[in-house]
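# Commentary on secondary and tertiary structure
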Amino acid sequence: QVQPVESGGGLVQAGASLRLSCAASGGTFSRYGVGWFRQAPGKERETVARISSSGLTTYYADSVKGRFTISKDIAKNTVYLQMNSLKPEDTAVYYCAARTRVGEEYVYWGQGTQVTVSS
């Protein structure tokens, strides 16, 4: 089974960019759909973006559409979340998760990486 491992979080100013990485340990993302989720203090976890096992289909939350881009590098067994034009409201812990089939729950979760955007 695959174990996602996130990296790339940090503290940036509003308007800056960050790229989060999610590496697959113990498996290959070519067999899994992968999603990025975030949870801010006192708020429920929300879906940020998803990408299919093939990498051909993506989904974005309205709040990040046009600013964030999810991509999958099969050769590097890594999924990226490119975040541009960051806003303070993007501040959250970002999690990467994987699932084996569309419609199923995301079963394999990473430990999360903190993203903090200052105004």
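Our subject in this report is the structure included herewith. This one's a predicted model, so the numbers in the text were calculated from it and none came from an experiment.

## Focus on the state of the cysteines
Put plainly, a disulfide is one covalent bond tying together the sulfur atoms of two cysteines. This model, assessed by the stated rule, comprises one disulfide. In this model C22 forms its disulfide with C96; the gap between the sulfur atoms is 2.0 Å. Given an S-S torsion of about -80 degrees, the disulfide between C22 and C96 has left-handed geometry. Here C22, found in strand β3 (residues 18-25), pairs with C96, found in strand β9 (residues 92-99); they are 74 residues apart in sequence, far enough to count as distant. C96 sits in the buried class, given a relative accessible area of 0%.

## Re the nonpolar core
Residues F29, W36, L81, M83 and Y94 are the most contacted members of the largest nonpolar core, which totals 30 residues. Listing elements by their share of this core, those giving two or more residues are β3, β4 (33-39), β5 (46-51), β7 (68-73), β8 (78-83), β9 and β11 (113-118). Other than its neighbours up to four places away in sequence, Y94 contacts E6, L20, W36, F37, R38, V48, F68, L81, M83, G112, T113 and V115.

## Quick notes on the environment of Q39
Summarising the element assignment, Q39 is placed in strand β4. Residues Q39 and A92, 53 residues apart in the sequence, show an inter-C-alpha distance of 5.2 Å. Setting aside chain neighbours within four positions, we find Q39 in contact with E44, R45, A92, V93 and Y95. A polar contact is formed between the side chain of Q39 and the backbone oxygen of K43, at a distance of 3.1 Å.

## Side note on the side chain of R38
Mapped onto the elements, R38 comes out in strand β4. Taking relative accessible area as the criterion, R38 reaches 5% and is therefore assigned buried. At a separation of 3.5 Å, a polar atom in the side chain of R38 contacts the side chain of S63. For R38, the side chain forms a polar contact with the side chain of Y94, separated by 2.9 Å.

## Focus: the pattern of salt bridges
In total, this model carries five salt bridges according to the counting rule given. Across the pair E104 and R101 runs a salt bridge, and its minimum N-O distance is 3.9 Å. The exposure class assigned to E104 is partly exposed, which follows from its relative accessible area of 33%. Taking relative accessible area as the criterion, R101 reaches 56% and is therefore assigned exposed.

## Observations regarding the sheet that holds strand β1 (residues 3-7)
Taken in spatial order, the four strands line up as β1-β3-β8-β7 in an open sheet, and their pairing is antiparallel. Across the chains shown, the open sheet's two edge strands, defined by having one partner strand only, are β1 and β7. Shown here is a sheet whose adjacent strand axes are inclined to one another by a mean of 20 degrees, direction ignored. Direction of pairing for β3 relative to β8: antiparallel, over a ladder of six bridges. Of the residues in β8, the one forming a bridge with L18 is M83.

## Some points on the packing of aromatic side chains
Overall, the coordinates contain four aromatic pairs when judged by the stated rule. On the basis of an interplanar angle of 90 degrees and a centroid distance of 5.8 Å, the ring pair of Y32 and Y108 is categorised as edge-to-face. Taken together, the residues span a long stretch of sequence, with Y32 in the loop between β3 and β4 and Y108 in strand β10 (residues 108-109) at a distance of 76 residues. A single burial state applies to Y32 and to Y108, both of which are buried. Taken together, the ring pairs in this structure connect F37, Y95, Y106 and W109 into an aromatic cluster. Directly above the aromatic system of F37 lies the positively charged group of R45, at a separation of 6.0 Å from the ring centroid.

Thresholds, definitions, all that
Residues numbered from 1 in each chain as written. Predicted model: local features only at pLDDT ≥ 70, side-chain atom pairs only at ≥ 80, totals over all residues. Heavy atoms only, no water. Disulfide = S-S within 2.5 Å. Helix = DSSP H or I, 4+ residues; strand = E, 2+ residues; numbered from the N terminus. Buried < 20%, exposed > 50% of the residue type's maximum accessible area, 1.4 Å probe, protein only. Core = buried A, V, L, I, M, F, W, Y, C linked by side-chain atoms within 4.5 Å. Contact = heavy atoms within 4.5 Å. Polar contact = N/O pair within 3.5 Å; in protein donor to acceptor, adjacent residues only side chain to side chain. Salt bridge = Lys/Arg side-chain N within 4 Å of Asp/Glu carboxyl O. Pairing = 2+ DSSP bridges. Axes fitted to C-alpha atoms, helices over the stretch in contact; angles between N-to-C directions. Phe/Tyr/Trp six-rings, centres within 6.5 Å; stacked < 30°, edge-to-face > 60°. Lys NZ or Arg CZ within 6 Å of the ring centre and 35° of its normal.

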